[in-house]
Protein chains: 2
Amino acid sequence: MANAPGQRRKLVVSRDLGPDTMSLLYAREDLEIVAWPEDRRCERSWLLEKIAGATGAIVMLSDKIDEEFFERAGPSLKVVSTTSVGFEQVDLHALYRRKVRLGYTPDILTDAVADASVMLALMAGRNAGEGVTLVKEGKWPNFHFAPFFFTGPQLSPTPLSPTRTAGFLGFGRIAQATLTRLTAFGLTHCIYTTNPASPPNTALEASLAARYNTGISSSLRSVRRVELDELARASDVLFVLAPGGESTHHVVNADFLRKMKKHAVLVNTSRGTLVDSDALAQALHEEWIWGAGLDVVEGEPHVGADHPLVQEPRYVQYIGWECITDHLRKLYFRRCVIIPHIGSATFETRLGMVNLAAGNALAGIDDEAMPAELDVAARIASQP
Amino acid sequence: MANAPGQRRKLVVSRDLGPDTMSLLYAREDLEIVAWPEDRRCERSWLLEKIAGATGAIVMLSDKIDEEFFERAGPSLKVVSTTSVGFEQVDLHALYRRKVRLGYTPDILTDAVADASVMLALMAGRNAGEGVTLVKEGKWPNFHFAPFFFTGPQLSPTPLSPTRTAGFLGFGRIAQATLTRLTAFGLTHCIYTTNPASPPNTALEASLAARYNTGISSSLRSVRRVELDELARASDVLFVLAPGGESTHHVVNADFLRKMKKHAVLVNTSRGTLVDSDALAQALHEEWIWGAGLDVVEGEPHVGADHPLVQEPRYVQYIGWECITDHLRKLYFRRCVIIPHIGSATFETRLGMVNLAAGNALAGIDDEAMPAELDVAARIASQP
């Protein structure tokens, strides 16, 4: 669509992208930049109003990009650029029918989320949430060294626990980057499940085994794809790192959690919908597993102080030196560390993400190759 | 000293070591086991009373083992076994003069503390303390995605920050185990300082470089011993992992902290005395550095809610979308994550520690080779 003289094409931005990136957009004098001005989630009514006649849109995971959105936008719309690696908020069929292109931000947040995944595994195992709270509440002066106070299961192996198995529900880039980090902690086995429709990836396993069986990471003895049942039963620490959506909804449910090891730690840094929150709260409360580290919770951000998972752990006073091992394990069994979906929240990664989203939008408007464009046709074809 | 018929030798234990280990001690029918019965630090008066005529003592880091202790014990005392890797509570000269042997628990806690060191580096960089608090206080529902909200410096490299330098103040086993973990996060450079009296260890550096320049950890480009000044100036994340005592007292002071990078993270998992708490609180408050992750604080456990470091960070409401980069950096600049000296607190490691302490005590009483005995003569000779 040619630019009429004196009439600038419109790019709608549903959240301020920061001065560095916004200035790149405002520098484009041929574009009218219409940005949501407030410090909160963009209102849908605003987005639907502004999108009319726009050529491009930079949106967030929280903006529903559906039939109504495209209707309002009209035929001028050439590109939607989401500032996220996921795009479950986008109706791909509606987008494809209108030949609108879709940009997203893959890969760029892999390392930040892998860092956060390891952090949450450590925090949940090591009672870090309780530790921070105890000190903040001024209770450290009452606490003296006792051999088993505040103990949890160790991530790295010990003479008493010479094998440690990391499990991955989903085994894409973030999972593999997490595994890379864990090998340096001495993890000895890796098991994973992927979409049952995917064929076994023996080449990947061979390449991973070769990669990790060298140098400092010779601790890793095997990388193996397994069924969900074995994943639950055999993992010492289990990372949920699969896409959201219907096919993975509540894949971690009561049945799955009941099979897990008593000292296992569950980490979810992908999408809240994969884990049944009520079942997990029960699992923590009834001591089916040791603890959980969550960056995402189903229904977020509507996860208030009364949410069953936020209620865990209930801080229990350490009641005596006789409470060692089993008894102490019981007292301290309920651990849930939750952070507010900040797995990718580093300066460097988020700046990279918003710059990529801006680059995708501008390339789409200019009919150029986008730095990261989803192959929508292939994606639709691969869906069940 | 021979065991008189009908008279059992006495082993004093200043803290319950848990059922697994205590049962090993009680199984020795030739010994009278005298254990402090309460769930708190052993009272000195109790220890001084019970130690009279004892053959051995299993003690904690919090028990002062001084001239008075040895006077009260008398000539029957053959062994002191401390349940700790450090032994700064022991008057080595007084011990040596009386030919009492000293057991301790080196190495066994290396991996647990290295795990905790990486955890604290991630927590301080990623605002994990604030994140946990925000969710616990029920504030998540008010918080929607914003590109730079809750962001911090990334531990792993990014295209925007392709080099990342880990600094180590002290470069013993725990520091090297921490470095091993960090290499899998992609850290590119390692610098360290050690006791100025130690000669340069080029063999160590060559061996580390060879070890890390293979396989997945090829990211590490150099390992170099530097002066304290360069350590402060060049570290992106700095680990304090040196022994306590006079020679390292407040080595991290205001002068040191002022030289550090604005985005640097300081981690202390060794001894609180190495860091000047007031200077660190000022450094955080006045934005000299990004944040700190502390497992130890000088004067612990007398670190209450009014301690200047516990006061950091002060939770500041996110005030608007215009607060990106510099302004936001200012708002969120004060971060101090503190956990109550639980760096070695895993089931496996603590059980290993108490078993080792028991084994040391029994071997000392039996005049046998101790599993981990300090070479006291060599230690005294090496001290300034």
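Residues numbered from 1 in each chain as written. Chains lettered and ligands numbered in written order. Predicted model: local features only at pLDDT ≥ 70, side-chain atom pairs only at ≥ 80, totals over all residues. Heavy atoms only, no water.

K.L.:
Where do I start with the overall build of chain A in this structure?
P.N.:
For chain A, the helix and strand inventory stands at 14 helices and twelve strands. The buried share among the 384 residues of chain A stands at 60%. Counting contacts in chain A only where the partners sit at least 6 residues apart, residues at least 24 apart contribute 68% of the total. A total accessible area of about 14,600 Å² is found for chain A, and carbon and sulfur atoms account for 52% of it. (Helix = DSSP H or I, 4+ residues; strand = E, 2+ residues; numbered from the N terminus. Buried < 20%, exposed > 50% of the residue type's maximum accessible area, 1.4 Å probe, protein only. Contact = heavy atoms within 4.5 Å. Areas by Shrake-Rupley, 256 points an atom, 1.4 Å probe, with all protein chains shown as cover.)

K.L.:
What exactly am I supposed to notice about the confidence of the model for chain A here?
P.N.:
Detailed conclusions should not be drawn from predicted coordinates in areas where pLDDT is low. Per-residue pLDDT for chain A averages 88, and the proportion of residues at 70 or more is 87%. A low-confidence stretch, residues 315-334 of chain A (pLDDT under 50), is modelled with 50 contacts involving residues beyond four sequence positions or located in other chains. (pLDDT = per-residue confidence, 0-100.)

K.L.:
Can you walk me through the sheet that holds strand E6 (residues 165-169) of chain A in this structure?
P.N.:
The strands making up a sheet associate through backbone hydrogen bonding, with each pair oriented either parallel or antiparallel. Residues and elements named next belong to chain A. The strand order across the open sheet formed by seven strands is E8-E7-E6-E9-E10-E11-E12, and the pairing between neighbours is parallel. The outermost strands of the open sheet, each flanked by one partner alone, are strand E8 (222-225) and strand E12 (335-338). Pairs of neighbouring strands in the sheet enclose a mean axial angle of 15°, with direction left out of account. Bridge count for strand E10 (residues 265-268) against strand E11 (residues 291-294) is four bridges, and the pairing is parallel. The residue of E11 that forms the bridge with Asn268 is Leu294. (Pairing = 2+ DSSP bridges. Axes fitted to C-alpha atoms, helices over the stretch in contact; angles between N-to-C directions.)

K.L.:
What exactly am I supposed to notice about the relation of the copies chain A and chain B here?
P.N.:
Put simply, the second copy of the chain is the first one after a rotation about an axis and a shift along it. The transform that puts chain A on chain B rotates by 180° and translates by 0.0 Å along the axis, for an RMSD of 0.0 Å. The relationship between the two copies is best expressed as a two-fold rotation axis. In this assembly, 100% of the residues forming the interface of chain A have copies in chain B that are likewise at the interface, indicating an isologous arrangement. (Least-squares fit on C-alpha atoms with pLDDT ≥ 70 in both.)

K.L.:
I tried to follow the sheet that holds strand E2 (residues 31-35) of chain A on my own but got confused; where do I start?
P.N.:
Residue and element names in this part refer to chain A. Pairing is parallel in the open sheet, where five strands are placed in the order E2-E1-E3-E4-E5. Of all the strands in the sheet, just E2 and strand E5 (101-103) have a single pairing partner and so form its edges. Adjacent strand axes in the sheet meet at a mean angle of 15°, parallel and antiparallel pairs treated alike. Pairing analysis gives five bridges linking strand E1 (residues 9-13) to E2, with the strands arranged parallel. Counterpart to Leu11 in the pairing with E2 is Ile33. Where helix H1 (residues 19-26) meets the sheet, it contacts E1, E2 and strand E3 (56-59), and its direction lies at approximately 145° from that of E2. Docked against the sheet, helix H13 (residues 347-365) engages E1, E2, E3, strand E4 (79-82) and E5, running at close to 175° with respect to E4.

K.L.:
I'm lost on the pattern of salt bridges in this one. Help?
P.N.:
Side chains that differ in sign of charge can pair as their charged atoms come close. This model, assessed by the stated rule, comprises 48 salt bridges over all chains. In this structure, A:Glu49 engages A:Lys50 in a salt bridge whose closest nitrogen and oxygen atoms are separated by 3.5 Å. Of the charged contacts in the structure, one is a salt bridge between B:Glu130 and B:Arg335, with a shortest N-O distance of 3.2 Å. Of the two residues, B:Glu130 is situated in helix H6 (residues 128-136) and B:Arg335 in strand E12 (residues 335-338); the sequence distance between them amounts to 205 residues. Accessibility assignment for this pair places B:Glu130 and B:Arg335 in one class, buried. Linked through salt bridges whose partners overlap, the residues forming this network are A:Arg9, A:Arg28, A:Asp30 and A:Asp366. (Salt bridge = Lys/Arg side-chain N within 4 Å of Asp/Glu carboxyl O.)

K.L.:
What is the right way to look at unusual backbone geometry in this model?
P.N.:
Note on backbone geometry: most residues besides glycine have negative phi, and most peptide bonds are trans. All names here are of chain A. Omega for the peptide link from Glu300 to Pro301 comes to 5°, which places this bond in the cis form. With respect to the helices and strands, Pro301 occurs in the loop between E11 and helix H12 (326-331). Positive phi is not limited to glycine here, since Glu287 has a value of about 65°. Here Glu287 is to be found in the loop between helix H11 (277-285) and E11. Overall, Glu287 belongs to the buried group, its relative accessible area being 15%. With a phi close to 50°, His341 is a non-glycine residue in the positive phi region. Tracing the backbone through its elements, the reader meets His341 in the loop between E12 and H13.

K.L.:
How should I be thinking about the interface of chain A and chain B in this particular structure?
P.N.:
Interfaces are often sized by the accessible area lost when the parts come together. Chain A puts 98 residues into the contact, and the matching count from chain B is 98 residues. When chain A packs against chain B, close to 8,300 Å² is buried across both sides, 68% of that on carbon and sulfur atoms. At the surface where chain A touches chain B, the tally comes to zero salt bridges. At the boundary of chain A and chain B, one finds 23 residue pairs in polar contact (both at pLDDT 80 or more). Elements represented by at least two residues in the side of chain A that touches chain B include exactly H1, helix H5 (110-125), helix H6 (128-136), helix H7 (173-183), helix H8 (202-212), H12, E12 and H13 of chain A. Split by residue class, the side of chain A that touches chain B holds 52 nonpolar, 28 polar and 18 charged. (Buried area = accessible area lost by both parts, 1.4 Å probe. Polar contact = N/O pair within 3.5 Å; in protein donor to acceptor, adjacent residues only side chain to side chain. Nonpolar A, V, L, I, M, F, W, Y, C, P; charged D, E, K, R; others polar.)

K.L.:
It is not clear to me how the side chain of B:Ser277 should be interpreted in this structure. Could you clarify?
P.N.:
Structurally, the position occupied by B:Ser277 is in helix H11 (residues 277-285). Excluding its chain neighbours within four sequence positions, the residues that come into contact with B:Ser277 are B:Val297, B:Glu298, B:His307 and B:Leu309.

K.L.:
For this particular structure, what's the right way to read the packing of aromatic side chains?
P.N.:
Aromatic ring pairs are described here by two measures, namely the spacing of the ring centres and the angle between the planes. A full pass over the atoms with the stated rule returns 16 aromatic pairs over all chains. On the basis of an interplanar angle of 80° and a centroid distance of 5.6 Å, the ring pair of A:Phe347 and B:Trp290 is categorised as edge-to-face. With A:Phe347 in helix H13 and B:Trp290 in the loop between H11 and strand E11 (291-294), this residue pair bridges two chains. According to the relative accessible area criterion, A:Phe347 is buried, its value standing at 11%. Residue class for B:Trp290 comes out buried when judged on its relative accessible area of 0%. Taking the centre distance of 4.1 Å and the plane angle of 10° together, the rings of B:Phe171 and B:Tyr192 count as stacked. Pair noted here: B:Phe171 is in the loop between strand E6 (165-169) and helix H7 (173-183) and B:Tyr192 is in strand E7 (residues 189-193), with a separation of 21 residues, a long-range link. Both residues of the pair, B:Phe171 and B:Tyr192, belong to the buried class. (Phe/Tyr/Trp six-rings, centres within 6.5 Å; stacked < 30°, edge-to-face > 60°.)

K.L.:
It is not clear to me how the packing of H5(A) against H7(A) should be interpreted in this structure. Could you clarify?
P.N.:
How two helices sit against one another is set out by the angle between their axes and by the gap between those axes. All names here are of chain A. Where H5 contacts H7, the axes come no closer than 8 Å and their chain directions differ by 55°. Judged by the inter-axis angle, H5 sits oblique to H7. Relative to H7, H5 is oriented so that their crossing is right-handed. Judged by residue contacts, Thr110, Asp111, Val113, Ala114, Asp115, Ser117 and Val118 of H5 engage Arg173, Ile174, Ala177, Thr178, Arg181 and Leu182 from H7. (Parallel < 35°, antiparallel > 145°, perpendicular 65-115°, else oblique. Left-handed = near helix turned anticlockwise from the far one by under 90°.)

K.L.:
What am I meant to see in helix H1 (residues 19-26) of chain B here?
P.N.:
Helical geometry: 3.6 residues make up each α-helical turn, so side chains three or four residues apart lie on a common side. Residue and element names in this part refer to chain B. Buried within H1 are the following residues: Thr21, Met22 and Leu25. Buried residues of H1, viewed axially, fall in a sector of 95°; they line one side. Elements in contact with the buried residues of H1: strand E1 (9-13), strand E2 (31-35), strand E3 (56-59) and helix H13 (347-365). (Arc of directions from axis to C-beta.)

K.L.:
Hey, could you run me through H13(A) in this one?
P.N.:
Residue and element names in this part refer to chain A. Its 19 residues give H13 an end-to-end C-alpha distance of 27 Å, which sits within 8% of 27 Å, the value for a rise of 1.5 Å per residue. Extensive coverage of H13 is indicated by the burial of 17 of its 19 residues. Where H13 ends, the next residue or the one after it, Asp367, has phi of about 55°, a positive value. (Expected span 1.5 Å × (residues − 1).)

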